[in-house]
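# Survey of secondary and tertiary structure
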Amino acid sequence: MKNCKLLLFDLDGTLLRNDKTISQKTLKTLQNCRGKGILIGVSTSRGEQNALCFIDELQLDVLIASGGALVKYNGEYIYKAEFSGEETKRMSL
């Protein structure tokens, strides 16, 4: 991993255990990686709020949520695909 700049993980079955927690061993390993200058991220099909309730303790550098419809870097949105008010209104008819 000499040139690694980013570690990007899924949640379910990857970072999260069956009880929806992250092990202390995993957290420590990720802290060690961050100490080496490696960014830590999650990519999930979950919505942002649903994902964040599981991973607040990670202090993510990158979050890709809603199947790629939302991307945050260092807490700032850098991409967000949203329906306009008019599009939402048409879908509800």
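All of the points below concern the structure found in this document. The model shown is predicted, which means the values in this text are computed figures rather than measured ones. (Residues numbered from 1 in each chain as written. Predicted model: local features only at pLDDT ≥ 70, side-chain atom pairs only at ≥ 80, totals over all residues. Heavy atoms only, no water.)

## Digging into the side chain of Arg-46
- As for its placement among the helices and strands, Arg-46 is situated in the loop between β2 (39-43) and α2 (48-55).
- Filtering out sequence-adjacent residues up to four positions away, Arg-46 remains in contact with Leu-11, Asp-12, Leu-16, Lys-20, Ala-51, Phe-54, Ala-65 and Ser-66. (Helix = DSSP H or I, 4+ residues; strand = E, 2+ residues; numbered from the N terminus. Contact = heavy atoms within 4.5 Å.)

## Some remarks on unusual backbone geometry
- You will see that Lys-20, though not glycine, has its phi angle at about 65°, which is positive.
- Relative to the helices and strands, Lys-20 is located in the loop between β1 (6-9) and α1 (24-35).
- Despite not being glycine, Gln-59 has its phi angle at roughly 50°, a positive value.
- Mapped onto the elements, Gln-59 comes out in the loop between α2 and β3 (62-65).
- Look at Gln-59 and you get exposed, because its relative accessible area is 60%. (Buried < 20%, exposed > 50% of the residue type's maximum accessible area, 1.4 Å probe, protein only.)

## Some words on the pattern of salt bridges
- Evaluation of the coordinates by the stated rule reveals six salt bridges.
- Where Arg-46 meets Asp-12, a salt bridge forms, and the shortest distance between an N and an O atom there is 2.7 Å. Taken as a pair, Arg-46 in the loop between β2 and α2 and Asp-12 in the loop between β1 and α1 lie far apart in primary sequence, 34 residues in all.
- On the basis of relative accessible area, Arg-46 is assigned to the buried category, the value being 16%.
- Glu-48 serves as the salt-bridge partner of Lys-72, at 2.8 Å between the closest nitrogen and oxygen. (Salt bridge = Lys/Arg side-chain N within 4 Å of Asp/Glu carboxyl O.)

Honestly, that's just the spatial picture; any functional story needs more than this.
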